[in-house]
Amino acid sequence: MVRALDWLSVLLLLLAIGAFGLGVHALGRRADLDALYWLVIGALVLKGATDLLRPQGGR
């Protein structure tokens, strides 16, 4: 089970990198709303990836 969560976290990390890349590309096209959307999506997916790997001590 732990190994599956590791792979899921790596997949989420790759998706976050892709979303950040799309956000930077949208900034280059001067599409501000698209850029904001992709950068927020990237941040949320990155938070999800790190929350999966964070130890749940004290619960």
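Residues numbered from 1 in each chain as written. Predicted model: local features only at pLDDT ≥ 70, side-chain atom pairs only at ≥ 80, totals over all residues. Heavy atoms only, no water.

Visitor: Just give me the short version of unusual backbone geometry, but keep the residues and values in it.
Guide: Although it is not a glycine, R30 sits at a positive phi angle of roughly 65°. Given the relative accessible area of 74%, R30 is considered exposed. (Buried < 20%, exposed > 50% of the residue type's maximum accessible area, 1.4 Å probe, protein only.)

Visitor: Mind laying out the pattern of salt bridges, listing which residues take part and the relevant values?
Guide: Following the criterion strictly, the structure yields three salt bridges and no others. Ionic pairing is found between D51 and K47, a salt bridge with its closest N-O pair at 2.8 Å. Separated by four residues within a single helix, D51 and K47 lie in helix α2 (residues 32-53), roughly one turn from each other. Overall, the relative accessible area of 28% leaves D51 in the partly exposed class. A salt bridge links D51 to R54; the shortest N-O distance between them is 2.9 Å. In this structure R54 comes out as partly exposed when scored by relative accessible area, which is 47%. Bridged by salt links that share partners, the residues K47, D51 and R54 form one connected network. (Salt bridge = Lys/Arg side-chain N within 4 Å of Asp/Glu carboxyl O. Helix = DSSP H or I, 4+ residues; strand = E, 2+ residues; numbered from the N terminus.)

Visitor: Give a detailed account of the environment of F20, specifying residues and quantitative values.
Guide: Inspection of the secondary structure puts F20 in helix α1 (residues 2-28). Separated by 16 residues in sequence, F20 and L36 place their C-alpha atoms 9.9 Å apart. When near neighbours in sequence (up to four residues on either side) are disregarded, F20 contacts L39, G42, A43 and L46. (Contact = heavy atoms within 4.5 Å.)

These figures capture arrangement, not role.
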